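# Structural overview
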Amino acid sequence: MYRRTWCEVNLDEIEENVRKIKGICGKKLIAVLKADAYGCGDIQTAQAVLDAGADMIAVSSLDEAMMLRNEGCDAEILILGATDPDDCATMIENNITAAAYSMDWIEKVSRNFCRGLKVHLKVDTGMNRIGFKDKDELKKALEALLNAECDVEGIFTHFCCTDTDPSMTDRQFARFKEAVEYLNYPFAWIHCDNSDATIMFKDDLSNACRLGVSMYGVSPYDKTLAHPLSLYTETAMVKHVPAGETIGYGATYTTKGDEIIATIPIGYADGFIRANQGRKVYVDGELCEVVGRVCMDQTMIRLDHEVPVGTKVEIFGQHISIESMAEELHTIPYEIMCLISGRVTRVYVRNGEQQSEMNERLQKSESE
Ligand SMILES: *Cc1c(COP(=O)(O)O)cnc(C)c1O
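Residues numbered from 1 in each chain as written. Predicted model: local features only at pLDDT ≥ 70, side-chain atom pairs only at ≥ 80, totals over all residues. Heavy atoms only, no water.

## Regarding the site of the ligand
Within the structure, the ligand sits among Val32, Lys34, Tyr38, Leu80, Arg129, His158, Asn194, Ser195, Arg210, Gly212, Val213 and Tyr334. Side-chain polar atom of Tyr38 to an oxygen atom of the ligand: 2.6 Å apart, as the coordinates give it. A distance of 3.3 Å separates an oxygen atom of the ligand from a polar atom in the side chain of Arg129. Expressed as a share of its isolated accessible area of 390 Å², the protein-covered part of the ligand is 93%. Class assignment for the residues of the shell around the ligand results in five nonpolar, four polar and three charged. (Near = heavy atom within 4 Å. Polar contact = N/O pair within 3.5 Å; in protein donor to acceptor, adjacent residues only side chain to side chain. Areas by Shrake-Rupley, 256 points an atom, 1.4 Å probe, with all protein chains shown as cover. Nonpolar A, V, L, I, M, F, W, Y, C, P; charged D, E, K, R; others polar.)

This is the structure in structure tokens:
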């Protein structure tokens, strides 16, 4: 890394969260590492969560599954989303488990020599995204998969309102339970809980949980989790600007008096979106306002006291939580995490030490 703008991923704390949540739920654990592990780096996160006792990894697509395989991950991998039935052979060859989510998909994989393909049946209990809604159709799907000699390893559904509406979760769970009991098949994996449900919803049916965002400490239900992610940059230039001058594109901010303005090398191309104008970042004990428009690569902030060039600036982390940042930006922590672009170097902390840096385009993954 040459530019001092980085996302710190503390793998020790991810492990700590996974162990803790596994202790709470007492079930098998599927770590959801889609979207490059919510932007944290899929292979690095995979190693940490597997060390912490995760039993399976889930991703959103065959591309993501193959990225993990190409990086040497040999854990069980489940694809939660849609797949192309024509890719059946690739999934079998690479021991990747698919979601079976529609009759059309099952008919097409059946014509594609799917013998031995591992699948988890997806039940739609209210999300209306993918999956079987009708239990008779689900039964036909199971029979068709068994006829085609697929290995029907699991069954799952996904809750839509675990953070807002417990009665919706109850209704969805009741539909899921009814479907599983109706099929009366010895599934090895039965799972419905996302992060929130893993912590606050108890059931007597599922034997596995799917953890995503809670591994990163984001949970409305458990405020004791560690926060392993932080986004930092450093001041690149610090100057005094006299009263009456404007800052940045569109001249949207005018200095009221003599002001100390620092320029930081982060912008919307890093995922620090333009809506951050007017928000605060943390520098040397104070919260400093983002003044003027956020540029593609740079941003200006107003300081109360002068700091040297190279002073660390926290975008989110110990002093500004990702949850509060999300709230101020009218979004959710997931989106903020996923928006941190590939240009931002990820710095991994493991065993209490900074272990490696990762920036794909720089092709650099070195031990310090
Ligand atoms: C993303 C996802 C999860 C994980 O959700 P979190 O809220 O991050 O725990 C679980 N299951 C499915 C199907 C998902 O798409």
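So much for the structure itself; the text now carries on.
## Regarding helix H3 (residues 42-51)
With respect to burial, H3 is a largely interior element, seven of its ten residues being buried. All of the buried residues along H3 are Asp42, Ile43, Gln44, Thr45, Ala46, Ala48 and Val49. One or two residues past the end of H3 sits Gly53, with phi positive at roughly 110°. (Buried < 20%, exposed > 50% of the residue type's maximum accessible area, 1.4 Å probe, protein only. Helix = DSSP H or I, 4+ residues; strand = E, 2+ residues; numbered from the N terminus.)

## Some points on the packing of helix H1 (residues 11-25) against H3
H3 packs onto H1 with a crossing angle of 40° between their chain directions and a minimal axis gap of 8 Å. One finds that H1 runs oblique with respect to H3. In this structure, H1 crosses over H3, and the sense of that crossing is right-handed. Along its contact with H1, which presents Leu11, Ile14, Glu15, Val18 and Arg19, the element H3 presents Gln44, Thr45, Ala48, Val49 and Asp51. Its residues assigned to classes, the contact of H1 with H3 shows five nonpolar, two polar and three charged. (Axes fitted to C-alpha atoms, helices over the stretch in contact; angles between N-to-C directions. Parallel < 35°, antiparallel > 145°, perpendicular 65-115°, else oblique. Left-handed = near helix turned anticlockwise from the far one by under 90°. Contact = heavy atoms within 4.5 Å.)

## A few points about the nonpolar core
In terms of nonpolar packing, the biggest core is built from 110 residues, with Leu121 and Ile155 touching the most fellow members. The greatest single-element share of this core, amounting to five residues, is contributed by helix H8 (residues 166-183). Leaving out residues up to four positions away in the same chain, Leu121 has contacts with Ala100, Phe132, Leu138, Ala141, Leu142, Leu145, Val152, Gly154, Ile155, Phe156, Leu183 and Phe187. Counting residues in hydrophobic clusters, the runner-up holds six residues, among them Ile247, Ile261, Val291 and Met300. (Core = buried A, V, L, I, M, F, W, Y, C linked by side-chain atoms within 4.5 Å.)

## Let's talk about unusual backbone geometry
Look at Asp36: it is not a glycine, yet its phi comes out positive at around 55°. Relative to the helices and strands, Asp36 resides in helix H2 (residues 34-38). In this structure Asp36 comes out as partly exposed when scored by relative accessible area, which is 37%. Phi is positive for Glu149, which is not a glycine, with a value near 60°. As for its placement among the helices and strands, Glu149 is situated in the loop between helix H7 (135-147) and strand E7 (151-157).

## Here's the deal with the packing of aromatic side chains
Taken as a whole and assessed by the stated rule, the structure comprises seven aromatic pairs. Seen in terms of ring centroids, Tyr38 and Tyr334 are 5.9 Å apart; in terms of plane orientation they differ by 35°. Their pairing is tilted. With Tyr38 in helix H2 and Tyr334 in helix H11 (residues 333-339), this pair connects stretches of sequence that are 296 residues apart. When its relative accessible area of 6% is taken as the criterion, Tyr38 is described as buried. (Phe/Tyr/Trp six-rings, centres within 6.5 Å; stacked < 30°, edge-to-face > 60°.)

## Digging into the sheet that holds E7
In a beta sheet, neighbouring strands are held together by backbone hydrogen bonds and run either parallel or antiparallel to one another. Taken together, eight strands build a closed barrel; the order of strands is E2-E3-E4-E5-E6-E7-E8-E9 and the barrel is parallel. Here the average twist between neighbouring strands, direction ignored, is 30°. H7 rests against strand E5 (96-100), strand E6 (118-123) and E7 of the sheet, and its axis sits at about 175° to E6. (Pairing = 2+ DSSP bridges.)

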